[in-house]
Amino acid sequence: MAAKQLRCRECATEYPLEARYVCSRCFGPLEVKYDHADITDVGEARRRIQSGPQNMWRYHDFLPLEGARPSAHTGLPAGNTPLIRADRLAERLGLREVWVKNDAANPTHSFKDRVVSVAATRARELGFDTLACASTGNLANSVAAHGAALGMDSYVLIPADLEEQKQLATAIYGTNLVKVRGNYDDVNRLCTELSGDRENWAFVNINMRPYYAEGSKTVAFEIAEQLGWEMPDRCVVPIASGSLFTKIAKGFDEFCEVGLLDGGAPIMNGAQALGCSPVAAAFEQGKDVCRPVKPNTIAKSLAIGNPADGPYALDLARATGGSIDSVTDDEIRAGIRLLAETTGIFTETAGGVTTAVLAKLAARGDIGPDERVALIITGEGLKTLDAVRDSFHAYEVDPNIESFEAAFAGQGAGV
Ligand SMILES: [Zn+2]
């Protein structure tokens, strides 16, 4: 396999590809390193990808798996989500070219299926029999569903006040759903403690984190392939832990390194909700580290008050000439509506954050007249219905024409 070792992002100490997530020398996070020296013919590399299955396993050579490419017909294959040219959204914002990557089209309706697919597959390779996670919702859905599809036990820990839709869409898969009386950071701390003495449990976002995080690169791989092996000039990406944000850039980088793409990373813009914006605040204050916050926002899937990859997200935004911005809950609701009304895509609150930040960048004049922008939509609106409840008007009429016409009187909607 092309994955060679785990390497500390801080001190570069190397480790074998096992269930390990923190450097024992400096406590830095570990990341998977690859050797693609065998890729010498770009045309052949492209053909190899294009002859693969219509899901993220077509990028198997760039993922940290030891065995053969997983079959297209087993488990819960993710990816191959639509990239849609959003001309009406672009026009509304005064931009030239906007593409929406709609990751709500994954099996459990969020991008988390990509990371869980990699973590679960690697967990099986390493001999684990149980999947577990600390989740703000979408991850819970995905871990429970992957456990069901792969025949593995699962334990899903969530904050007790999570949206009802996300709880139901987790419990249905027959998982052990554990509601923790606390916020996500409390849940995460509990899982970290549990992972210490449960040796047969693969916590996808804790001891499997280096593998899990690699799944996010496939968002970049797909965008590049869907654009005809080109990169966007700019990506607008939601930030919770900061992992998706940095891994999308890593995906573009890896394709550039082997010659599948030309040029440098796109300008990277991160999006946070003001009610949980430790990375945006650090960016604005010119700091290198994030001060943890207590989340208070409708964007619960982004409500991580102590983001693990915050410092790397800050570095990336600065290095690419991007930024990390935050938006209010009202702007998030407006972002959900803007995307829905101009593209037909109904996103959850995280997508409202991302769309609202795109609107903010456009209004601020940050986006050049010739830019091609990719907007990353990570989840489905039906999971966060409370955010838009009572925000629109419906007409209630009796089943006759007079009543119908009376409802629209004065609006010119009738004959
Ligand atoms: Zn280290």
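A short tour of the structure in this document, coming up. This structure is a prediction, so every number in the text was calculated from the model and none was measured. (Residues numbered from 1 in each chain as written. Predicted model: local features only at pLDDT ≥ 70, side-chain atom pairs only at ≥ 80, totals over all residues. Heavy atoms only, no water.)

### A closer look at the pattern of salt bridges
Defined as follows: A pair is scored as a salt bridge if a Lys or Arg side-chain nitrogen falls within 4 Å of a carboxyl oxygen belonging to Asp or Glu. Secondary structure elements are taken from DSSP: a helix is a run of H or I of four residues or more, a strand is a run of E of two residues or more, and numbering for both begins at the N terminus. Exposure categories follow from relative accessible area, calculated using a 1.4 Å probe and restricted to protein chains: below 20% of the type maximum is buried, above 50% is exposed, and the middle band is partly exposed.
Scanning the entire structure with this criterion turns up 34 salt bridges. E348 serves as the salt-bridge partner of K166, at 3.1 Å between the closest nitrogen and oxygen. With a gap of 182 residues between them, K166 in helix α5 (residues 164–171) and E348 in the loop between α12 (329–343) and α13 (349–364) connect regions that are remote in the sequence. Neither K166 nor E348 differs from the other in exposure class; each is buried. A salt bridge links D288 to R318; its shortest N-O distance comes to 3.7 Å. Here D288 is found in the loop between α10 (278–284) and α11 (310–319), whereas its partner R318 is found in helix α11, with 30 residues between them in sequence. On the accessibility criterion, R318 (32% relative accessible area) is partly exposed.

### A short note on the sheet that holds strand β7 (residues 153–159)
Rules: The rule for pairing is simple: two strands pair if DSSP sees at least two bridges between them. As a rule, the C-alpha atoms of each element are fitted with a line to give its axis, helices using only the stretch in contact, and angles between N-to-C directions run from 0 to 180 degrees. Pairs of residues are marked as contacts when any of their non-hydrogen atoms sit within 4.5 Å.
The parallel open sheet is built from four strands, whose spatial order is β8-β7-β6-β9. What marks the edges here is a single partner per strand, and that holds for β8 (176–180) and β9 (201–203). Strand-to-strand twist in this sheet, taken as the mean axis angle between neighbours without regard to direction, amounts to 20°. The strands touched by helix α4 (residues 138–150) are β6 (130–134) and β7; relative to β6, the strand with the most contacts, the crossing angle is about 175°. The sheet strands contacting helix α6 (residues 184–197) are β6, β7, β8 and β9, and the helix crosses β7 at an angle near 145°.

### Some words on the coordination of the zinc ion
For clarity, the cut-off: In this analysis a donor is any N, O or S atom within 2.8 Å of a metal ion (3.2 Å for sodium, potassium and calcium), and since water is not included, sites may seem incomplete. For a four-donor site, all angles between 85 and 135 degrees give tetrahedral; for four or six donors, opposite pairs above 155 degrees with the remaining angles between 65 and 115 give square planar or octahedral; all remaining cases count as irregular.
Looking at the metal site, the zinc ion is ligated by C8 (SG), C11 (SG), C23 (SG) and C26 (SG), spaced 2.3 Å from it. Each of the four donor atoms bound to the zinc ion contributes to angles spanning 98 to 115°, and the resulting shape is tetrahedral. Overall, C23 belongs to the buried group, its relative accessible area being 0%. Judged by its relative accessible area of 31%, C26 is partly exposed.

### Some points on unusual backbone geometry
If a residue is not glycine, its phi is most likely negative; likewise, a peptide bond is most likely trans. The phi torsion at F27 lies on the positive side, around 65°, for a residue other than glycine. Inspection of the secondary structure assignment puts F27 in the loop between β2 (14–15) and β3 (30–34). Looking at F27, the relative accessible area reads 67%, which means it is exposed. At H109, a position not held by glycine, the phi torsion is positive, near 70°. Mapped onto the fold, H109 is located in the loop between β5 (97–102) and α3 (112–125). Residue classification places H109 among the partly exposed residues on the basis of a relative accessible area of 37%.

### Comments concerning a nonpolar patch on the surface
The test is simple: Residues with no salt bridge and a relative accessible area higher than 30% make up the patches, which join like charges within 9 Å and nonpolar side chains (Val, Leu, Ile, Met, Phe, Trp, Tyr) within 5 Å. Computed with a 1.4 Å probe, the accessible areas rest on the Shrake-Rupley method; for each residue, only the protein chains presented here act as cover.
On the surface, a nonpolar cluster with roughly 260 Å² of combined accessible area is contributed by Y395, V397 and F404. By the secondary structure assignment, Y395 is in the loop between β13 (372–377) and α14 (401–407). Relative accessible area serves as the criterion here: at 40%, Y395 is assigned to the partly exposed category.

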